[in-house]
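Below are the chains, spelled out letter by letter.
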Amino acid sequence: MNDILTMKNIQKSFGDLEVIKDISVSIKQGDVLSIIGPSGGGKSTLLRCAAMLETINGGSIAYGDKQAAWTDDNGKVVYAKGKQMKEIKNCFGLVFQNFNLFPHFSVLKNITDAPLRVQKRNKDEVMAEAEVLLDKMGLREKADAYPYQLSGGQQQRVAIARALALKPEILFFDEPTSALDPELTAEVLRVIRQLAEEDMTMGIVTHEMNFARLVSDHLIFIDGGIIVEQGSPDEVLGNPKMERTKAFLNKLEQ
Amino acid sequence: MELQTMVTMLAEGFLKSVAIFSLTLIGSLPLGLLVAFGRMSKFKPLQLVVKFYISVMRGTPLMLQLMVVFFGPHYLLHIQTGSDYRFVAVIIGFVLNYAAYFAEIYRGGIESMPVGQYEAAEIMGYSKVHTFVRIILPQVVKRILPSITNEMITLVKDTSLAFAISYAEMFTLAKKIASSQSTLMPFVIAGVFYFIFNYVVAFIMERVEKKMSYYR
Ligand SMILES: Nc1ncnc2c1ncn2[C@@H]1O[C@H](COP(=O)(O)OP(=O)(O)OP(=O)(O)O)[C@@H](O)[C@H]1O
Ligand SMILES: [Mg+2]
């Protein structure tokens, strides 16, 4: 199968702080990659680099055969521009920890506005798809509600629907349940699991180890800006080889 | 002078006060947004110029600014100004002054927006303009509405400063009548007019705020 996302030798610093030292990772079509690791290890930063919210200082990023960023002969990072970048940005969606819904839009408008205004797709088609998405997220009766009227779990499901409405090839999640109570967490994780079963390609930063084990095809443990250990979730979580991984997992169990 | 004559005269002045009020808002609300963009510009020279402009507008009396705008062309540039320049000068002075205040209000509102809103919009492919017009500005307007209302109420009363260049709005007329007739009555009537004006402004703005309270 083809790689949807390929990141090679990514480096990212904030001023003097080297957050990502050298990380290479790829996600195949239909696969789910989980990213785990201690706080401050660079998980969010890696995801934000993939989503073009941060500018990398070295390495390369490609979506399918489209080069998004690369390092030229002088060691300078170059990003794709204009129409090409627009196409690349169309490839992925991102679900935030704190949802970031548009509070002045109803649930339905949150989902349909970008497909209509940005992608300029046919209105009937967009509306029909939105209805399907709302059903799938269990939010049928909430179409006309405003985000503030929803629980955190419902808001996060709207955010997922909103991302899916743009038909991304890959969907990123940055700790999608960290802002939620345990019961609400379950309902969001169920939705993501369902997406995994439908072969949605995803990259997920999570602290939910059981969930990671269930959904992911591949798992990477990041600490100090590098991949300390990676492999199948059973390998890494069930039988970690590196001391740092063991220490991290032990701490979680306590 | 009969009370009715007085009221009629003042009502005429009142219409002029309303004209100053309306034209100032029409001019300064959009201009203020432009000024706010300049103030937040990454282009340093522009940012500094705008910062200076705002500090002058806020740091000197509006009355003095009106004088400069009115007499400036004549004394500084030796331009002969026509008879209707008095009103134009009032509007220019007010618009320039209020744009500075509105700019700072806009800036506060824009800077208070969480970056997550921009990032969500960017991820979803909204252009910069779309992001601002569709996502950011509507929320900013809701946030700054109370401050805007405050400024509008101040503006109602500030229209009286046009007396500084003898523009015949309500306060200028009240002053004239009061001194010629040796009575306080015109001031009382003008006060009532200002109060009612502000009452209406506050009422309308309350309705607008309510209209925007469909979300949080
Ligand atoms: N915009 C920024 N400016 C400066 N430093 C930053 C910025 N964003 C992140 N950092 C720093 O980079 C490091 C990695 O942050 P990151 O958010 O990627 O960690 P994380 O692995 O996602 O942690 P968590 O599990 O707490 O979310 C941290 O030390 C953080 O302080
Ligand atoms: Mg994080």
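Only a predicted model underlies this, so the values are computations on that prediction, with no experimental measurement involved.

K.L.:
Residue-level account of the overall build of chain A, with values.
P.N.:
Scanning chain A for helices and strands turns up nine helices and 11 strands. Expected size for 254 residues packed as a compact globule is a radius of gyration near 18 Å; at 18 Å, chain A falls within 12% of this value. The buried share of chain A, taken over its 254 residues, is 55%. In chain A, of all internal contacts separated by at least 6 residues, the share reaching a separation of at least 24 is 63%. Entry remark: accessible area of chain A is about 11,700 Å², with carbon and sulfur atoms responsible for 45%. Taking the average location of the 30 positive side-chain charges in chain A and that of its 35 negative ones, the two points are 5 Å from each other.

K.L.:
Run through the sheet that holds strand S6 (residues 77-79) of chain A, naming residues and quoting values.
P.N.:
All names here are of chain A. Spatial ordering of the open sheet is given by S2-S1-S4-S5-S6, a layout of five strands whose pairing is antiparallel. Each edge of the sheet is formed by a strand with only one pairing partner; in this case those strands are strand S2 (17-28) and S6. The sheet shows a mean angle of 15° between the axes of neighbouring strands, direction not considered. Two elements, strand S5 (residues 66-71) and S6, share three bridges in a ladder whose sense is antiparallel.

K.L.:
Account for the nonpolar core, with residues named and values stated.
P.N.:
Counting residues in each nonpolar core, the largest one holds 102 residues, and the members touching the most others are Leu5, Met7, Met52, Ile61, Tyr63, Phe92 and Phe172 of chain A. No other element matches helix H4 (residues 85-111) of chain B, which puts 13 residues into this core. When residues of this core are sorted by domain, at least three fall in each of domain 1 (1-89 + 197-254) and domain 2 (92-167) of chain A. Residues in contact with Ile61 of chain A, not counting those within four places in the same chain, are Leu5, Thr6, Met7, Ile10, Cys49, Met52, Ile56, Lys66, Gln67, Ala68, Ala69 and Tyr79 of chain A.

K.L.:
Would you mind going over the pairing of strand S11 (residues 226-231) of chain A in detail, with residue names and values included?
P.N.:
Note: strand S10 (residues 218-223) of chain A against S11 of chain A, five bridges, orientation antiparallel. Across the sheet, residue Ile220 of chain A finds its bridge partner in S11 of chain A, namely Gln230 of chain A.

K.L.:
With reference to specific residues and values, describe the state of the cysteines.
P.N.:
One pass over the structure, following the stated rule, counts zero disulfides over all chains. Not part of a disulfide, Cys49 of chain A finds its nearest cysteine sulfur in Cys91 of chain A, a span of 17 Å.

K.L.:
With reference to specific residues and values, describe the pairing of S5 of chain A.
P.N.:
Residues and elements named next belong to chain A. Of the pairings in the sheet, the one linking strand S4 (residues 58-63) to S5 comprises three bridges and is antiparallel in character. From the neighbouring strand, Tyr63 faces S5, where its bridge partner is Lys66. Counted between consecutive antiparallel strands, the loop separating S4 from S5 contains two residues, among which Gly64 sits at a positive phi close to 60°. Adjacent in sequence and paired antiparallel, S5 and S6 are bridged by five residues, among which Gly75 carries a positive phi angle near 80°.

K.L.:
Describe the domain arrangement of chain A, and please don't skip the residues or the numbers.
P.N.:
Residues and elements named next belong to chain A. Domain boundaries assigned for chain A yield domain 1 (1-89 + 197-254) and domain 2 (92-167). Inter-centroid distance (C-alpha atoms) of domain 1 to domain 2 is 26 Å. Across the boundary between the two partners, domain 1 contributes 10 residues, which contact five residues of domain 2. Interface area, domain 1 with domain 2, both sides summed: about 560 Å², of which 73% is carbon and sulfur. Contact with domain 2 buries area across many residues of domain 1, yet Ala51, Lys89 and Glu198 alone supply 48% of it, more than any other trio. On inspection of domain 1 and its partner domain 2, the count reaches one salt bridge. The shortest N-O distance in the salt bridge between Glu198 and Lys136 comes to 2.7 Å. Inspection of the region where domain 1 meets domain 2 yields one residue pair in polar contact (both at pLDDT 80 or more). Of all the elements in the fold, those that place two or more residues in the side of domain 1 that touches domain 2 are helix H1 (43-50) and helix H2 (82-89). When the residues that make up the side of domain 1 that touches domain 2 are grouped by side-chain class, the tally is eight nonpolar, no polar and two charged.

K.L.:
Residues and numbers for the site of ligand 1, please.
P.N.:
All names here are of chain A. Residues in contact with ligand 1 amount to 13 residues; listed here are only the nearest, Ser39, Gly40, Lys43, Ser44 and Thr45. Residue Ser39 places a side-chain N or O atom 2.6 Å away from an oxygen atom belonging to ligand 1. Within the side chain of Ser44, a nitrogen or oxygen atom sits 2.7 Å from an oxygen atom of ligand 1. Calculation on ligand 1 without its partners gives an accessible area of 640 Å², and the protein chains cover 60% of this total. Those elements that place two or more of their residues in the shell around ligand 1 are S2 and H1. With three residues, the top contributor of residues to the shell around ligand 1 is H1. Looking at side-chain class alone, the shell around ligand 1 contains four nonpolar, seven polar and two charged residues.

So, how was this worked out
- Per-chain numbering applies: the sequence of each chain, read as written, is numbered from 1 onward.
- A letter from A marks each chain and a number from 1 marks each ligand, given out in the order of writing.
- Residues qualify for local features only when their pLDDT is at least 70, as the model is predicted, and side-chain atom pairs are given and counted only at 80 or more; totals for whole chains, interfaces and linings, by contrast, use all residues.
- As a rule here, side-chain values cover all heavy atoms of the structure and leave hydrogens and water aside.
- A run of H or I in DSSP becomes a helix once it reaches four residues, and a run of E becomes a strand once it reaches two; helices and strands are each numbered from the N terminus.
- Every radius of gyration here is taken over C-alpha atoms, with the globule rule written as 2.2 Å times N^0.38, N being the number of residues.
- In this scheme, a residue with accessible area under 20% of its type's maximum is buried, one over 50% is exposed, and one in between is partly exposed, where area comes from a 1.4 Å probe on protein chains only.
- Contacts are assigned to residue pairs that have any heavy atoms within 4.5 Å of one another.
- Areas reported here follow the Shrake-Rupley algorithm with a probe of radius 1.4 Å; residue values treat only the protein chains shown as occluding.
- His is not counted here, nor are the chain ends, while Lys and Arg score as positive and Asp and Glu score as negative.
- To locate a charge, the coordinates of NZ of Lys, CZ of Arg, CG of Asp or CD of Glu are taken.
- Only strands that DSSP links by at least two bridges are regarded as paired with each other.
- Fitting a line to C-alpha atoms yields each axis, with helices limited to the stretch in contact; the angle taken between N-to-C directions then spans 0 to 180 degrees.
- Residues belong to a common nonpolar core when they are buried Ala, Val, Leu, Ile, Met, Phe, Trp, Tyr or Cys residues joined through side-chain atoms within 4.5 Å.
- Where each domain starts and ends follows an automatic or database-derived domain assignment.
- Cysteine sulfur atoms that pair up within 2.5 Å are treated as a disulfide.
- Computed with a 1.4 Å rolling probe, the buried area is the accessible surface lost when two parts are put together, summed over both parts.
- We count a salt bridge whenever a side-chain nitrogen from Lys or Arg sits within 4 Å of a carboxyl oxygen from Asp or Glu.
- Any pair of N or O atoms that falls within 3.5 Å is considered a polar contact. Within protein, one atom must be able to donate a hydrogen and the other to accept it, and sequence-neighbouring residues count only if both atoms are side-chain atoms.
- All residues other than Ala, Val, Leu, Ile, Met, Phe, Trp, Tyr, Cys, Pro, Asp, Glu, Lys and Arg, Gly among them, are scored as polar; the first ten of these are nonpolar and the last four charged.
- In these notes, residues near a molecule or strand are those with any non-hydrogen atom within 4 Å of it.

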